[in-house]
Amino acid sequence: MTYDVIVLGAGAAGLMAAATAGQAGARVLVLDHAEAAGKKILISGGGRCNFTNTGTTAGCFLSENPHFAKSALARYTQWDFLALVDRYGIAWHEKTLGQLFCDGSARQILSMLLEECEKGGVEIRLSTRIGEIAHADGRFRVAGFEAAQLVIATGGPSIPKMGASGIAYQIAERFGLPVVTPRPALVPLTLGDEAQAFRDISGLSLPVTARVGTVSFTEAALFTHRGLSGPAILQASSYWHEGAPLVLNLLPNAFDLLRTARQRMPRARLRAALSEHLPNRLAEVMVARIGLQKELANCSDADLERAAEHLTHLTLHPTGTEGFAKAEVTAGGVSTAALSSRTMEAKDVPGLYVIGEAVDVTGWLGGYNFQWAWSSGRAAGLAIAARRAG
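Residues numbered from 1 in each chain as written. Predicted model: local features only at pLDDT ≥ 70, side-chain atom pairs only at ≥ 80, totals over all residues. Heavy atoms only, no water.

Across the sheet, which stays open at both edges, the seven strands sit in the order E17-E16-E13-E14-E15-E12-E18 with antiparallel pairing between neighbours. For this open sheet the edge positions go to strand E17 (314–316) and strand E18 (320–321), each flanked by a neighbour on one side alone. Judged from the three bridges that link them, strand E13 (residues 205–212) and strand E16 (residues 246–249) form a sheet pairing that is antiparallel. Within the sheet, the bridge partner assigned to threonine 209 lies in E16 and is asparagine 249. Sheet contacts for helix H12 (residues 301–312): E16 and E17; angle to E16, the most-contacted strand, approximately 115°. (Pairing = 2+ DSSP bridges. Helix = DSSP H or I, 4+ residues; strand = E, 2+ residues; numbered from the N terminus. Contact = heavy atoms within 4.5 Å. Axes fitted to C-alpha atoms, helices over the stretch in contact; angles between N-to-C directions.)

We now examine the packing of aromatic side chains. Remark: the centre distance and the inter-plane angle together describe each pair of aromatic rings, the angle taken between the planes. Tallying each qualifying case throughout the model produces twelve aromatic pairs. On the basis of an interplanar angle of 5° and a centroid distance of 4.2 Å, the ring pair of phenylalanine 81 and tryptophan 374 is categorised as stacked. With phenylalanine 81 in helix H4 (residues 78–87) and tryptophan 374 in helix H13 (residues 368–389), this pair connects stretches of sequence that are 293 residues apart. Across the pair, tryptophan 374 and phenylalanine 81 agree in class, each one buried. Ring plane angle 75° and centroid distance 5.8 Å describe the contact between tryptophan 364 and tyrosine 368, whose orientation is recorded as edge-to-face. Assessed through its relative accessible area of 23%, tryptophan 364 is described here as partly exposed. Residue classification places tyrosine 368 among the buried residues on the basis of a relative accessible area of 7%. Of the aromatic side chains, those joined through ring pairs into one cluster are Phe61, Phe68, Phe217, Tyr239, Trp364, Tyr368 and Trp372. For the cation-ring pair, arginine 27 lies above tyrosine 3, with the distance from its terminal atom to the ring centre recorded as 4.4 Å. (Phe/Tyr/Trp six-rings, centres within 6.5 Å; stacked < 30°, edge-to-face > 60°. Buried < 20%, exposed > 50% of the residue type's maximum accessible area, 1.4 Å probe, protein only. Lys NZ or Arg CZ within 6 Å of the ring centre and 35° of its normal.)

Our focus in this paragraph is the nonpolar core. Ranked by size, the top nonpolar core spans 83 residues in total, and within it Phe81, Ile109 and Trp372 carry the most contacts. Here this core gets nine residues from one element, more than from any other, and that element is H13. Tryptophan 372 has contacts with Phe61, Phe68, Ala69, Ala72, Leu73, Met344, Gly356, Val359, Val361 and Gly377, leaving out every residue within four places of it along the chain. Among the nonpolar cores identified, the runner-up in size contains 47 residues, and Phe198, Leu246, Met265 and Leu304 belong to it. (Core = buried A, V, L, I, M, F, W, Y, C linked by side-chain atoms within 4.5 Å.)

Quick look at the pattern of salt bridges now. Using the criterion set out here, one finds 17 salt bridges in the structure. Here arginine 139 makes a salt bridge to glutamate 146, at a shortest N to O gap of 3.0 Å. Among the salt bridges present, the one from glutamate 322 reaches lysine 326, with a minimum N-O distance of 3.4 Å. Note on glutamate 322: relative accessible area 14%, which makes it buried. Several salt bridges converge on common partners, so that one network encompasses Arg139, Arg141 and Glu146. (Salt bridge = Lys/Arg side-chain N within 4 Å of Asp/Glu carboxyl O.)

A separate point is the environment of phenylalanine 145. Counting through the fold element by element, phenylalanine 145 comes out in strand E10 (residues 145–152). Separated by 116 residues in sequence, phenylalanine 145 and leucine 29 place their C-alpha atoms 8.8 Å apart. Apart from the residues within four sequence positions on either side, phenylalanine 145 is in contact with Met1, Tyr3, Ile6, Leu29, Leu31, Arg125 and Phe140.

Quick look at the structure:
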């Protein structure tokens, strides 16, 4: 059975590529080992699918080549996808930091993509084992099917309980494409015994600025029984590497706030001052860490500066991450050096494309990874149609 293109993966990127190529006249087959399409779409955004972000730029993505994502993102923007959502009458709302969600269900986004595929005559076969991929005479042969073009849209190994795997990297290596070592991203960080006091306040959340190296994010952090989570931590985790410190600013302008407290409540101690701005349990932990027990009236500016330094530069040393099981996405993947940024086609393997999370392009938390799926899928779909027409 012969097609113009076989798309491996019925997720966000794969369905977008398939719909685009199909509507441009290509005969498209989508194969997926799962029993249902778009399983990650359905669980995203708490079931409401954070389908894009109004602030999407190439600077919101990690890659060994920070310029690679620019072309695809510029040619199919967040506004283009939003226009598609609007054409289907899907109600949406904006949350913090430009994040767009369905008012209803993530299933609306999946249904839209499946209908787009149907418009393009796309054939989708689920519960299909890919097995070995043969390539000869400019043809790809997969699971008894044949095509002149092949798209790898199988994602990364994050959330394995949803059936995710590293098969994209195995396929890439089969065709000689280099792979940047995959690692968990947008993932909770773990803390060791030296930070037990912070693990003991599990369930506590507050706004912080979390910094790794020169990169920082200001959002909520959540203390957990294993370490740290919450949006600020998940964002920072994508930049964290083993041995790197994580620096938290718990209380901006801490020195000024403490000096004001000393004037206003001189007989009080540090815990009382901190409890006005931090959760009580965290205030206790920080007082113990700072070690300042005197009444505020007896604290010098130097004492308060030292306390403020702990509060604005709380330095922790994560022992690791909670791994792919808890990671929202995968960083690393098929090297962008092997791909065309305009078409997502492998430079040395004509007709082979890699898109979405399988590529070494990883977005921030908040809809960016979906936008990369839409943009990279669209780029590949147009290139497939153009190759077929040519």
